[in-house]
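# An overview of the molecular structure
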Amino acid sequence: MSNIKICFIALGFAPLLLGGCSAYLPYSGPRAARVDNVEHNQELRGIRLVDVDYGLAHLLRTRLDSPDMELLQDFANPTPSLYTVGPGDVLEVHIWEAPPAMLFATGLTSTSTPSGSMMTTIPPQMVNAGGTIFVPFAGRVPCAGKSTQEIAEEIRRDLQGKAHDPQVVVSLVRNRAQSISVVGNVKDSKQVPLEPGGVSILQALAAAGGVVQPVSKVTIQISRAGRVLRLPLEKVISDPAANISLRAGDVVTALYRPLHVTVMGATRETKEIDFEATGISLAQALARAGGLNGNEADARAVYVFRMESPELLPDLARRGHLVDGKVPVVFRFNFSNPATIFAAQQFPVQNRDLIYVASAPVTDLQKFLGLIVQIVYPIHLNP
């Protein structure tokens, strides 16, 4: 039998052979039909298949780009200019007595002013464990939890009737009671004192020498009383509203956590792609993998596999089964529709996503014909 006849016979039986042998042809992942049927997969119940359009992609982008403003404002210090004294702080007390000075007329630390009043400086002293300092003739003055202005008014009231029209100023010499811990990916992990006027996120990072890794790869985490707020450092820099004033006891951690997404299937490259803390879109991720393979890819079958938070898409949580508190979701994109390109530019890729591009059905025929050639070619060489 001639080689030409063999080829015609093979082509004539190709549809039948493909139907029976397609399962044995090599391929890089599930075909589109299998993925489109994931909601009926019994191996992992509750998978949701979601067709992505521009509206859904924009919704997901908006929710991820904008941190919970209520949580952000809750973490912010509402009164950054108000500093309250605590044990360990060092205070200095200045007392002015109007002429004729009676109580503080003499003393090593007393000086006369041009107006004739007498100013007395009480040497710096640390607020003790009980939260008090000692002021002559005023006794033990409670300081813990009060501002320096409130402490000064307390001392002035205690001196009324003892000193002639006393005026008091209290200044903070050293802050040891209230501080912010800055750790992680910074040059110098340290305790940053909380100062009157407040300390913002960027001020705390600057005091620790700044971050070591590129700004685009760093996430800032603020921990407070069991609660956590995470923000990309780039957002803190670009958005003044995100550069909130911190509170005493806050722990600021600069996290260098390379985020990555896996791209598989009919793309130019199968690879793991690192991306910035601010995130990238599906279109960017595919571009970094070289784009779709024009000889193999089914443009109608581009998928993103993700364990999605039920808070992000509540409707999915109601209809699906939670796995470790999340909903297994397959987002489907039809790139044969030009409108999907706009959706892909908006759709945010998340850490540990898997992007899969299915092969076009015609590739099975191409593989089958390649197999026939491998059979016929040796026959041609050895008639």
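As a reminder, the structure under discussion sits directly above these lines.
Fair warning: this is a prediction, and the values are worked out from it, not measured in the lab.

### Section: the side chain of D353
For D353, the position within the fold is in the loop between β18 (348-349) and β19 (354-359). Judged by its relative accessible area of 2%, D353 falls in the buried class. At 2.6 Å, the side chain of D353 and the side chain of R306 are in polar contact. Only 2.9 Å separates the side chain of D353 from the backbone nitrogen of Q350, close enough to count as a polar contact. When residues no more than four places from it in sequence are discounted, the contact partners of D353 are H260, V261, T262, V304, F305 and R306.

### Re the sheet that holds strand β17 (residues 327-333)
Strand order across the open sheet formed by six strands is β1-β17-β16-β19-β13-β14, with mixed pairing between neighbours. Lying at the two open borders of the sheet, with one neighbouring strand each, are β1 (48-51) and β14 (271-275). The sheet shows a mean angle of 25 degrees between the axes of neighbouring strands, taken without regard to direction. For β1 and β17, the ladder comprises four bridges, and the chain directions are parallel. By the bridge assignment for β17, L49 is matched with V330.

### Some details on unusual backbone geometry
Both trends apply: most residues other than glycine have a negative phi, and most peptide bonds are in trans. A positive phi angle, near 70 degrees, is found at F137, a position not held by glycine. Locating F137 in the fold gives a position in the loop between β5 (132-135) and β6 (139-142). Here the phi dihedral of A225 falls at roughly 50 degrees; this positive angle occurs in a residue that is not glycine. Looking at the secondary structure, you find A225 in the loop between β10 (218-224) and β11 (227-232). Residue A225 is classed as exposed on the basis of its relative accessible area, which comes to 81%.

### Side note on helix α6 (residues 148-159)
The first and last C-alpha atoms of α6 sit 17 Å apart over twelve residues, in line with the 16 Å expected at 1.5 Å per residue. If you check which residues of α6 are buried, you get T148, I151, A152, E154, I155 and L159. With its buried residues spanning 160 degrees around the axis, α6 presents them on a single face. At the C-terminal side of α6, G161 shows a positive phi close to 85 degrees.

### Considerations on the sheet that holds β10
Pairing is mixed in the open sheet, where five strands are placed in the order β9-β8-β12-β10-β11. One side of each edge strand has no neighbouring strand; the edge strands of this open sheet are β9 (190-193) and β11. Here the strands of the sheet are splayed against their neighbours by 25 degrees on average, with no regard to which way each runs. Where β10 meets β11, six bridges bridge the pair, whose relative direction is antiparallel. By the bridge assignment, I222 is partnered in β11 with L229.

Calculation rules
- Residues numbered from 1 in each chain as written.
- Predicted model: local features only at pLDDT ≥ 70, side-chain atom pairs only at ≥ 80, totals over all residues.
- Heavy atoms only, no water.
- Helix = DSSP H or I, 4+ residues; strand = E, 2+ residues; numbered from the N terminus.
- Buried < 20%, exposed > 50% of the residue type's maximum accessible area, 1.4 Å probe, protein only.
- Polar contact = N/O pair within 3.5 Å; in protein donor to acceptor, adjacent residues only side chain to side chain.
- Contact = heavy atoms within 4.5 Å.
- Pairing = 2+ DSSP bridges.
- Axes fitted to C-alpha atoms, helices over the stretch in contact; angles between N-to-C directions.
- Expected span 1.5 Å × (residues − 1).
- Arc of directions from axis to C-beta.

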